[in-house]
Amino acid sequence: MAITEGGHRAGRADAVEPVAAARPVDYVWAIARIFLGWTFLWAFLDKLFGWGFATPAERAWINGGSPTTGFLKGTGENALGGLFSSLAGQVWVDWLFMLGLLGIGAALMLGVGMRVAAVTGGLLLVLMWAAALPLDTNPFMDDHLVYAVVLAGLALAGAGDTLGAGAWWGRTPLVRRHPILK
């Protein structure tokens, strides 16, 4: 992809797109994307390997532990605890949760699939918020809801295009055919 005179990208003879310079706010959104992506990716890695931060080695997924049991079993006394605690430790829930953490984290870190990451990450976070109801420190607001709103902002701001592969990803034939994958 070459930059031509007048600040245009030329990839094919029939496709010339103007190059927009990144604004300071674009870098703020990009850094927020990377930080939040690392949060999801770290949760995946720590639960997988049990590096001793939130998950001790003996409860690591690779050592036979369940990545969902600790959190979901602790919801038994909460408003929706019966529903969520019954899901704890089920193999399909563990796999779905871990694939979600990995996929959302990787998408955010790379800046690709931001729309899918925002929807799936928002859903995961809202479900975790619901499992914790009623909250201990606030009637309704906690970090899960804040992160869900930030995910929506990241997707809407096109945060994957700055310091990420989002602009390239958006030009691929697959994403042009299926824009939801942007």
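In the block above lies the structure referred to throughout.
Residues numbered from 1 in each chain as written. Predicted model: local features only at pLDDT ≥ 70, side-chain atom pairs only at ≥ 80, totals over all residues. Heavy atoms only, no water.

Bringing the pattern of salt bridges into the picture now. Inspection of every chain in the model, using the stated rule, returns 2 salt bridges. One salt bridge connects Asp-161 with Lys-182, and the closest N-O pair in it is separated by 3.2 Å. One end of the pair, Asp-161, is in the loop between helix H6 (143–156) and helix H7 (166–171); the other, Lys-182, is in the segment after helix H8 (173–177), with 21 residues separating them in the sequence. (Salt bridge = Lys/Arg side-chain N within 4 Å of Asp/Glu carboxyl O. Helix = DSSP H or I, 4+ residues; strand = E, 2+ residues; numbered from the N terminus.)

This next bit is on helix H5 (residues 114–132). The first and last C-alpha atoms of H5 sit 26 Å apart over 19 residues, in line with the 27 Å expected at 1.5 Å per residue. Every buried residue of H5 is listed here: Met-114, Ala-117, Ala-118, Gly-121, Gly-122, Leu-124, Leu-125, Met-128, Trp-129, Ala-130 and Ala-131. (Expected span 1.5 Å × (residues − 1). Buried < 20%, exposed > 50% of the residue type's maximum accessible area, 1.4 Å probe, protein only.)

Right, let's get into unusual backbone geometry. The amide bond that connects Leu-133 to the next residue, Pro-134, takes the cis arrangement and shows omega of -10 degrees. You can see Pro-134 is positioned in the loop between H5 and H6.

What follows covers the side chain of Thr-162. Its place among the elements puts Thr-162 in the loop between H6 and H7. Thr-162 sits in the buried class, given a relative accessible area of 11%. Once residues lying within four places of it in the same chain are set aside, the contact partners of Thr-162 are Ala-22, Asp-26, Tyr-27, Ala-30 and Arg-33. (Contact = heavy atoms within 4.5 Å.)

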